[in-house]
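# Chains, contacts and geometry: an overview
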Amino acid sequence: MDNQLWLYLIIFLGGVVLAVLVLQLWRVIEHRWKEKKEMTSRISIEDTLKHFYHCERNQETPLPESVAGILRTSVADATDVLTEMERHQLISRAGNRWQLTDSGRDYALQVIRAHRLWERYLADQTGFPESEWHTQSDKLEHKLSHEETEALANRLGHPRFDPHGDPIPTADGRLPEAKHISLAALPVEQPAEVVHLEDEPEAIYRQLGEHGIHLGTVLRVLRRGDDGIEVWLPSGTVQLTTAQAANVSVEPIAESEIVLPEPTVPLSALKPGEQGRVVNISPACKGAERRRMMDLGIVPGTIIKAEMVSPSGDPTAYLIRGALIALRREQASLINVSRNLTPATEQTPSQNEVTA
Amino acid sequence: MSKNGSTTKTSAPCETCPAHNVGNLKKLGINMDDWDYVVALAGNPNTGKSTIFNALTGLHQHTGNWPGKTVTRAEGGFEYGGSRYKIVDLPGTYSLLSTSLDEEVARDFILFGQPDVTVIVTDATRLERNLNLVLQVLEITNRAVVALNLIDEARRHNLTVDERRLARDLGVPVVPTAARSHEGIPELLQAIHEVATGKVVGKPHRIQNEPPALKKAIQQLVAEIEQAFPGLPNARWVALRLLDGDRRIIEAVKRGELGDLSIGSTERVNSIDMPLEVA
Amino acid sequence: MTTPTDPEKIESILSTAEKLRWDIGSNFHDHLMEAIYTDAARIADRAVSYPEKPPRFDLDRTIDRLVTSRVWGFPLMLLLLMIVFWLTISGANYPSQFLAWLLLDNGHPLLKTLAADINLPWWLSGLLIDGIYLATAWVISVMLPPMAIFFPLFTLLEDFGYLPRVAFNLDNVFKKVGAHGKQALSMSMGFGCNAAGVVATRIIDSPRERLIAIITNNFSLCNGRWPTQILIATIFIGGLVSAQWAGLISAMAVVGIAVLGVFFSFAVSWGLSRTILKGEVSTFSLELPPYRPPRIWQTIYTSVIDRTLIVLWRAVVFAAPAGAVIWLISNITIGDAVLAQYFIDWLNPLGLLVGLNGIILLAYVVAIPANEIVIPTILMLTTLVLGSGGAGRGVLFETQSLGDTAALLQAGNWTLLTAVNLMLFSLVHNPCSTTIYTIYKETGSLKWTTISALLPVVMGFVLTFFVAQVWHLLV
């Protein structure tokens, strides 16, 4: 008897606890749902602002149709968003011409700042692959308050450029003017360095990477045709379409600033017993990985000897500044070495300062 | 507190080794309540930092032939030449410029903890790579001693290291040691003592090969920093960090902590907040 | 304390720095590192002189060629590992028996007599001696000897410099599942003790790969679980075949479980690196240090102090309360049954659903602190439920012979399915509380600790459920 009483008591208590839990859960869900609704409207407004900002820079006129395309909604919904924004004095309208107000432009720059900071963060402090930086940042850029954005900037050491080479707008809303020109407009034979790669559309961004065009790559245009251009790279010559070339920004450099094109091979091509001199670490190697390699003493001029290969085929152990260090094949392929151990000329420190 | 009572705890297997009868080393284990000088132990991973730490304090930090065994900060003490020393074993790092937590811990302690002496333990058989860290530490402090450890390994490989030449080039005392056999420990203690008491003042090497554009920027910034914080021993290094956007240093400049660094005192070591466990 | 510095000057420094940063370009870090190494190379060059001609015989490289050779690399590695395991298992037997004889067979009755002599109330002597003392003594006698042998041996290999070569040899396999070659070592260490294995992941300096190694370490069948596996395999699997094959078959079953654990390690590593851990920073570096002759006595001394005793101390801290709980639940009576009976009845439906029973589940709940006491707890609880005398309530025990154990378990309605699922569940369940605590200390993160604790136990239930359902379909 006594026994049963206990059982009922426990079942009752269990029931009460469960009821409280369910109630709490419901509240959380309700709260989330409300938050999500507010979030959607924030995202639409911020994405529209970015669109307006790009239009302004490219001297195009934003239309409800183009906004609908960006937001992936109907024109009617897009018009609603525009009205809402006008009410908040983010944009203004004169007849059929919509344009950013000053506060709208400030807001747009803040969103771009958040986006580029996130990209920097993803590149430097996480292990996400390059292809995901842009899409992830597109979501993350809407999630931070102003204070949180500044905390992020602080944590990243107030970076100046995003990993694609775009300048990050400053906290007070200045966007340092880039002195870039498009590769499509670069005079033939003029040597230049890649300072920016447009990350949209993604397909072209990826193709450029496959062609060996990265930030910091030195190149020159050899020939200009109707359907595209022929470009010289240290690794060879490539054909680029006009669309591809338009997505590359370059900065002209003096002839003397080109590091002589040395025939290089990736470190991974060395066989055990062979030696190479580091010419550079590929720009594709970024963030923590790049810093670690430099910490280990892999800088231009370092002599590296391949010592032995793991019996399972990978990694390979290299003798680097007296230490035996194993690198995986993907890592070693990012280090370009020359088989010629003494540099032909006294190596001048390679520079790419932004001349004021 | 009594200075004699505290030696009893450690019963090192090596107390009878000749090295310890030399000089007047008294290993204090972890029983440190007050001290006259603070010594920081920095170095690349797997250079025998912990072995040196053990040799000095009589403690038994685990050592192993792997980089990165010491993850927690270890502290100990010893008494030498009538002064009491607190010694802090920092996590082994390749550099102080990157952003890993270990490096921040080591860097913060050397900069803000202001140890009276920083001993940089190097592997004599891989000197070139180890100098990377040495040069970075020497940018921060001039109160440093370089322990040229694993000198027995170097001998085994027929390498000779001219430590006097190295000392002249680096501008700080260099002591060859083989901590595993206690070789060179007395000389290391002597060097630590001399730097701590100010008998030897280092004139450390500063990095020279920056590209010209960088050099110009550094000069401009250094001039301004020196004007604001006269007597700062490492204005150049602070400038480098500001140019790299180092948040910890920017905050330090903002809060005026930098000004304190020019005074120099050992008490501040206690107030530095260091995570004991580094994830 | 702060020297007053003109705030305007500070502002101006920061703004100058900010302005200059735009001028020096984005390759600042690269240039600086290059400058430092240029200086370093020049200074090193002046100070170090190399031998006139390179030595004809380089011992380090010769050893390296051998231990990483395509032909000898793997066999040598397996041989060394087998020697280490064999020394541990066979060497631990005698000290283990001695400790059991000392602490359990003699220490326990002695204490009981002592307690009776000083008229300790029955519940206090029960709680302290039958509960806390017995559980702790049990853990010590099972855990200490193998650890005291395994860890020094491993440390010797480590000090010599061989372990990094193992990581080098195996890295390709680990790379394919998104892990680091050094995980081979933390996994091997896990065969000794998962808590020590988790600590050993410190050598992995890449955050993502270290977390993978921590979370999957539990799949290395630890020292505390081997006895369970061996006992159950001997009784139930070995019992399936004729006596001459019994030993071999049950040994194969145990090895099979261990291999399955390795397989789970890889599978879970693969999954983790592609899902929740995708965004963690990942860098690879593996330095192969020069060989150094190990100093044997020093190594044994420090590894006993550093690893064995610390792990043991933590286990004891956790085992003592478990002993108390075990004793309490089997001695507190509500109505006409003890507390344990209620728990068992509640857990039974779930237990049977996954092919186990309420007793086993309860044993795993109370034995979270140490896997060593799972079997004694199961035996004690089974006796309790069957109501057949034996030792006192809540007193852990092991039967005199295998036959007695088998008889007892069969009386408790154990089938071959129960045995197989117990073996599986023993491999795939939450880590012991010592390990969970160690994971928290090492990661400093509640999130990763929770994931490491819950992931395997959920997997364990799914796995045993699946096996049970298939079994019912077929048998």
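Source: prediction; values computed, not measured. (Residues numbered from 1 in each chain as written. Chains lettered and ligands numbered in written order. Predicted model: local features only at pLDDT ≥ 70, side-chain atom pairs only at ≥ 80, totals over all residues. Heavy atoms only, no water.)

### Section: the overall build of chain A
- What chain A contains, in helices and strands, is ten helices and 14 strands.
- In summary, chain A has a C-alpha radius of gyration of 27 Å against a globular reference of 21 Å for 356 residues, an excess of more than 25%.
- Across its three principal axes, chain A shows a C-alpha extent of roughly 90 × 75 × 35 Å.
- The buried share among the 356 residues of chain A stands at 43%.
- Of the contacts formed within chain A by residues at least 6 apart in sequence, a portion of 63% connects residues at least 24 apart. (Helix = DSSP H or I, 4+ residues; strand = E, 2+ residues; numbered from the N terminus. Rg over C-alpha atoms; globule rule 2.2 N^0.38 Å. Buried < 20%, exposed > 50% of the residue type's maximum accessible area, 1.4 Å probe, protein only. Contact = heavy atoms within 4.5 Å.)

### Overview of the overall build of chain B
- In terms of helices and strands, chain B carries eleven helices and eight strands.
- Taken across its 279 residues, chain B has 64% of its residues classed as buried.
- Taking the contacts inside chain B whose residues are at least 6 apart along the sequence as the reference set, 70% of them involve residues at least 24 apart.
- Looking at chain B as shown, the accessible area adds up to about 9,900 Å², and 48% of this sits on carbon and sulfur atoms. (Areas by Shrake-Rupley, 256 points an atom, 1.4 Å probe, with all protein chains shown as cover.)

### Some thoughts on the domain arrangement of chain A
- When its domains are assigned, chain A resolves into domain 1 (2–100), domain 2 (181–257) and domain 3 (265–355).
- Using C-alpha coordinates to define each centre, domain 1 of chain A is positioned 41 Å away from domain 2 of chain A. (Domains from an automatic or database assignment.)

### A look at the interface of chain C and chain B
- Counting residues at the interface gives 65 residues for chain C, matched by 70 residues for chain B.
- Summing both sides of the interface, chain C and chain B together bury roughly 6,400 Å²; the carbon and sulfur share of this comes to 59%.
- The interface formed by chain C and chain B contains three salt bridges.
- When the shortest N-O distance is used, the salt bridge between Arg129 of chain B and Glu287 of chain C registers 3.3 Å. (Buried area = accessible area lost by both parts, 1.4 Å probe. Salt bridge = Lys/Arg side-chain N within 4 Å of Asp/Glu carboxyl O.)

### Describing the sheet that holds strand β7 (residues 236–241) of chain A
All names here are of chain A.
- Strand order in the open sheet formed by six strands is β3-β8-β4-β5-β6-β7, and the pairing between neighbours is antiparallel. Looking at strand neighbours, the two that pair on one side only are β3 (181–182) and β7, the edges of this open sheet.
- When β3 meets strand β8 (residues 248–252), the two strands line up antiparallel, connected through two bridges. Residue pairing across strands places Ile181 opposite Val250, the latter belonging to β8. (Pairing = 2+ DSSP bridges.)

### Examining the interface of chain C and chain A
- In this assembly, 47 residues from chain C lie in contact with 56 residues from chain A.
- With both sides pooled, the region where chain C packs onto chain A buries about 4,500 Å², and carbon together with sulfur makes up 56% of that total.
- Our count for the chain C to chain A interface comes out at seven salt bridges.
- One can count 17 residue pairs in polar contact (both at pLDDT 80 or more) joining chain C with chain A.
- Classifying every residue of the side of chain C that touches chain A gives 15 nonpolar, 15 polar and 17 charged.
- Examined bridge by bridge, strand β13 (residues 323–327) of chain A and strand β2 (residues 286–287) of chain C share two bridges and lie antiparallel to one another. Across the sheet, Ile325 of chain A pairs through a bridge with Glu287 of chain C, a residue of β2 of chain C. (Polar contact = N/O pair within 3.5 Å; in protein donor to acceptor, adjacent residues only side chain to side chain. Nonpolar A, V, L, I, M, F, W, Y, C, P; charged D, E, K, R; others polar.)

### Points about the confidence of the model for chain A
- Looking at chain A as a whole, its pLDDT mean stands at 82, while 91% of the residues score no less than 70.
- The low-confidence segment residues 346–356 of chain A, where pLDDT is below 50, has 20 contacts with residues more than four positions distant or belonging to other chains. (pLDDT = per-residue confidence, 0-100.)

### As for the nonpolar core
- Within the largest apolar cluster, 113 residues are counted, with the highest numbers of intra-cluster contacts made by Ile232 and Ile378 of chain C.
- The element best represented in this core is helix α5 (residues 122–160) of chain C, accounting for twelve residues.
- Not counting chain neighbours up to four residues away, the residues in contact with Ile232 of chain C comprise Ile237, Ile375, Leu409, Trp414, Ala419, Leu422 and Met423 of chain C.
- In terms of nonpolar packing, the next biggest core, distinct from the first, is built from 94 residues, Val146 and Val174 of chain B together with Ala17 and Tyr37 of chain C among them. (Core = buried A, V, L, I, M, F, W, Y, C linked by side-chain atoms within 4.5 Å.)

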